[in-house]
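# An overview of the molecular structure
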Amino acid sequence: MKTVKIGLLGLGTVGGGALNIIQHTLPEIERRLGQSIEVAIIAVRDLTRTRSVDTQNIPLTDNATEVVNHPDVDIVVELMGGTGLAKSLLETAIQNGKHIVTANKALIAEHGNALFALAKKHNVIISYEAAVAGGIPVIKAMREGLAANKVEWVAGIINGTGNYILTEMKKPGADFAAVLKVAQELGYAEADPTFDVEGIDAAHKLTILASIAFGIELQFNKVYTEGISQITADDIRFAEQLDYEIKHLGVASRLENGFSLRVHPTMVPKSVLIANVSGVMNAVMAFGNHVGPTMYYGPGAGAGPTASSVVADIVEVIRWKEQPIDVQVPALGFALDQLQSAPVVSIDEIETSYYLRCFAKDHVGVLAKITAILADSNISIEHLHQEPCSQEANAATLVIITNHVKESLLNTAIETLSELDDIEGDIMRIRIESLGA
Ligand code: NAP
Ligand code: HSE
């Protein structure tokens, strides 16, 4: 049986997971491939670190360039992360004619346009299923399974850490920092967990999903991004009372004048399937003009699920690597020279309904002032709830659900409301999406 040699860059959560799968599932993989796989060399940062996987008989190096220049290595599997060293290593590997498997969404979202062009020039494959939604084969499903469709929109819970935090925060007394720490211990979080919490990781993934959905170039710097750190336990409780769940969604949609690319906390009616996706699970909805709504669900982070996608990519690359790149599925599902650099519209242009929460002094006439400001902006109120705070505070929490309104109009109304002496502190605003419900 022929053996294909792998060079691993990184042996952390995902790298360790991938080595573990190769070591424990090799006979089944060999049956699928009719070929064998061998890990020929692994690069790590710290050679003295104790590893939870068996690295006996595999040379380890702390010089990552050895891996990409290794004469025996056919496929470089990049699982170290980052966009600096990882990028230059992969460029060298590609120039050396090595195929690439990576889970690095930051690298693909920020430098994918150039890397895919370089790979095409050198007739090598870049496979990156694990970069989006961990263990869910959503790249393959959208790139190939939806090829008959013009995709109208994509919306997803695409960060496992964020969804885990929002789910745990529903438990009484849950503490944001403590829940995040558990997510890190479980191997879900990025090296810098602010990427998870502030939506950067989800924006990387949404960039990739949007390109695959619409056949547009990767445009990470155009994604509007808001994190979940401002969401309070009160918001989660009010959402629950109103029959919504708060989810950190990535949304990409076709508009008349371009595309909307955004990541932000979103209130989704509980009746929508995706609202019930909890913990580390991810789900991506894609709406095709022929198929209608579709949804892909599964674990979005962690060693086993992510490495499952990595090893599936290795299998895919081995099956296709002898074929010229031109006969293969293009990296983003559309012929590289057919990708459009479409305009991405400002978040001010979107139109949806909103949840607003603020503290208002408990004075006669306050409600009238607030509703008058909203009415002046032609914003009608679908729901208004008032909850008294403690007597000493002499204030009440107001929760308002608006009708559909353009974001720029809502922002102007929020600015005017904030100027009222009766409003204390910031006004919380969460977008509501019904996702076809
Ligand atoms: P990790 O646990 O921090 O592992 C990173 C690995 O890279 C470590 O083994 C580290 O070596 C090695 N490394 C770092 N810098 C290096 C250098 N300069 N030279 C050689 N080796 C170096 O990270 P991870 O969670 O596995 O994530 C890896 C990649 O997968 C990232 O791109 C991440 O975004 C992506 N990803 C992660 C998940 C997840 O659930 N964790 C899911 C999907 C995608 P040491 O072990 O010696 O420190
Ligand atoms: N940190 C990422 C997450 C890993 O929590 O979703 C999976 O990409």
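In the block above lies the structure referred to throughout.
Residues numbered from 1 in each chain as written. Chains lettered and ligands numbered in written order. Predicted model: local features only at pLDDT ≥ 70, side-chain atom pairs only at ≥ 80, totals over all residues. Heavy atoms only, no water.

### Describing the site of ligand 2
Inspection of the region around ligand 2 gives Lys105, Asn159, Gly160, Thr161, Tyr188, Ala189, Glu190, Asp196, Asp201, Lys205, Gly300 and Ala301 as its neighbouring residues. In the environment of ligand 2, a nitrogen atom lies 2.6 Å from a nitrogen or oxygen atom belonging to the backbone of Tyr188. Note that a nitrogen atom of ligand 2 is positioned 2.6 Å from one of the side-chain N or O atoms of Asp196. Computed on the free molecule, ligand 2 has an accessible area of 250 Å², of which 95% lies beneath the protein chains in the complex. Where the shell around ligand 2 is concerned, the elements lending two or more residues are α6 (160–168) and α9 (200–214). Considered class by class, the residues forming the shell around ligand 2 number three nonpolar, four polar and five charged. (Near = heavy atom within 4 Å. Polar contact = N/O pair within 3.5 Å; in protein donor to acceptor, adjacent residues only side chain to side chain. Areas by Shrake-Rupley, 256 points an atom, 1.4 Å probe, with all protein chains shown as cover. Helix = DSSP H or I, 4+ residues; strand = E, 2+ residues; numbered from the N terminus. Nonpolar A, V, L, I, M, F, W, Y, C, P; charged D, E, K, R; others polar.)

### Details of the side chain of His70
Summarising the element assignment, His70 is placed in the loop between α2 (65–68) and β4 (75–78). Residue His70 is classed as buried on the basis of its relative accessible area, which comes to 18%. Only 3.1 Å separates the side chain of His70 from the backbone nitrogen of Asp72, close enough to count as a polar contact. Apart from residues no more than four positions distant in its own chain, His70 is found in contact with Ile41 and Lys98. (Buried < 20%, exposed > 50% of the residue type's maximum accessible area, 1.4 Å probe, protein only. Contact = heavy atoms within 4.5 Å.)

### Some details on the side chain of Arg51
Inspection of the secondary structure assignment puts Arg51 in the loop between β2 (36–43) and β3 (60–61). At 5.8 Å, Asp46 is the nearest oppositely charged side chain to Arg51, a buried residue that forms no salt bridge. Only 3.4 Å separates the side chain of Arg51 from the backbone oxygen of Leu11, close enough to count as a polar contact. At 2.8 Å, the side chain of Arg51 forms a polar contact with the backbone oxygen of Asp46. Not counting residues up to four positions away in its chain, the partners in contact with Arg51 are Leu11, Val44 and Asp46. (Lys, Arg positive; Asp, Glu negative; His and termini not counted. Salt bridge = Lys/Arg side-chain N within 4 Å of Asp/Glu carboxyl O.)

### Let's talk about the site of ligand 1
Around ligand 1 sit 25 residues, and of these Leu11, Asp46, Arg51, Glu190 and Gly302 come closest. In the environment of ligand 1, an oxygen atom lies 2.7 Å from a nitrogen or oxygen atom belonging to the backbone of Gly302. In isolation ligand 1 has 900 Å² of accessible area, and contact with the protein removes 87% of it. There are two domains that each give the shell around ligand 1 at least three residues, and those are domain 1 (3–135 + 304–337) and domain 2 (138–299). (Domains from an automatic or database assignment.)

### Some points on the sheet that holds β4
Backbone hydrogen bonds are what pair the strands of a sheet, in a parallel or an antiparallel way. Pairing is parallel in the open sheet, where six strands are placed in the order β3-β2-β1-β4-β5-β6. This sheet does not close on itself; its edge strands, each paired only once, are β3 and β6 (126–127). Sheet topology places strand β1 (residues 3–9) next to β4; four bridges connect them, and they run parallel. Within β4, the position partnered with Leu9 by the bridge is Glu78. Where helix α1 (residues 13–33) meets the sheet, its contacts fall on β1 and β2, and the angle it forms with β2 comes to roughly 165°. Set on the sheet, helix α11 (residues 303–320) makes contact with β1, β2, β4, β5 (99–102) and β6; between it and β5 the angle comes to about 160°. (Pairing = 2+ DSSP bridges. Axes fitted to C-alpha atoms, helices over the stretch in contact; angles between N-to-C directions.)

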